[in-house]
Amino acid sequence: MGNLPIDELRQEDDFERNPVGTYWTPPIPVSVHELPPAVRAAISLAVGTGFENMGQFELHLAHAFDMETCAPMGIFVVASGEANDRACGVYSDCGDISAKEPMWFAFEEDIDLAFKALYDRVRERGYLT
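Residues numbered from 1 in each chain as written. Predicted model: local features only at pLDDT ≥ 70, side-chain atom pairs only at ≥ 80, totals over all residues. Heavy atoms only, no water.

Asker: Even after reading the chapter, I still don't get the nonpolar core, so can you show me in this structure?
Answerer: A general feature of soluble globular proteins is that nonpolar side chains tend to end up buried together. By size, the foremost hydrophobic cluster in this structure holds 18 residues, and its most contacted members are Phe76, Val78, Phe105, Leu118, Val122 and Leu128. Elements with a minimum of two residues in this core: strand 3 (57-66), strand 4 (72-81), strand 5 (86-93), strand 6 (103-106) and helix 2 (111-124). The element that contributes the greatest number of residues to this core is helix 2, accounting for six residues. Beyond its immediate stretch of four places on either side in the chain, Leu118 contacts Phe76, Val77, Val78, Gly89, Val90, Met103 and Phe105. The next biggest cluster of nonpolar side chains, apart from the first, holds 15 residues, and it includes Val30, Leu35, Ile75 and Val90. (Core = buried A, V, L, I, M, F, W, Y, C linked by side-chain atoms within 4.5 Å. Buried < 20%, exposed > 50% of the residue type's maximum accessible area, 1.4 Å probe, protein only. Helix = DSSP H or I, 4+ residues; strand = E, 2+ residues; numbered from the N terminus. Contact = heavy atoms within 4.5 Å.)

Here it is as structure tokens:
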């Protein structure tokens, strides 16, 4: 699925109109110490472990951009564990030093689908339009 526009796929006859929606960069693996403090705290509280136990989770980060203006919108972080079929995600927008509430969703061992699931929840809650 990798970094296609989230809201809609482009058709060949659509190239004359400006793209709209949100785009994310390819998810990259990160350590808990590479996350912004607010996101690190939100993820740690949500998964119910101290930083010493975060090794059982894989963390991935992607930056979100507005497709029309190319302006940065924020970051998505997904914590997934091999032991269960659920992942936890957090969104933090660029103008806000805090993280939005962590969201849990099904994880089917595909990190791109996990980011799509997180995006859908973030949008449902009105954090992104």
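Asker: Is there a simple way to think about the pairing of strand 5 in this case?
Answerer: Counting buried residues in strand 5 gives six out of eight residues, a clear majority hidden from the surface. Strand direction decides the pairing type here: strand 4 and strand 5, joined by seven bridges, are antiparallel. The residue of strand 5 that forms the bridge with Val78 is Gly89. The pairing of strand 5 with strand 6 spans four bridges and is classified as antiparallel. Bridge pairing in strand 6 links Ala87 to Phe105. (Pairing = 2+ DSSP bridges.)

Asker: What exactly am I supposed to notice about the environment of Lys116 here?
Answerer: By the secondary structure assignment, Lys116 is in helix 2. Judged by relative accessible area, Lys116 falls into the partly exposed class, the value being 22%. Counting along the chain gives 92 residues from Lys116 to Trp24, while the straight-line C-alpha distance between them is 9.6 Å. A polar contact of 2.7 Å, which involves the side chain of Lys116, links it to the side chain of Asp120. (Polar contact = N/O pair within 3.5 Å; in protein donor to acceptor, adjacent residues only side chain to side chain.)

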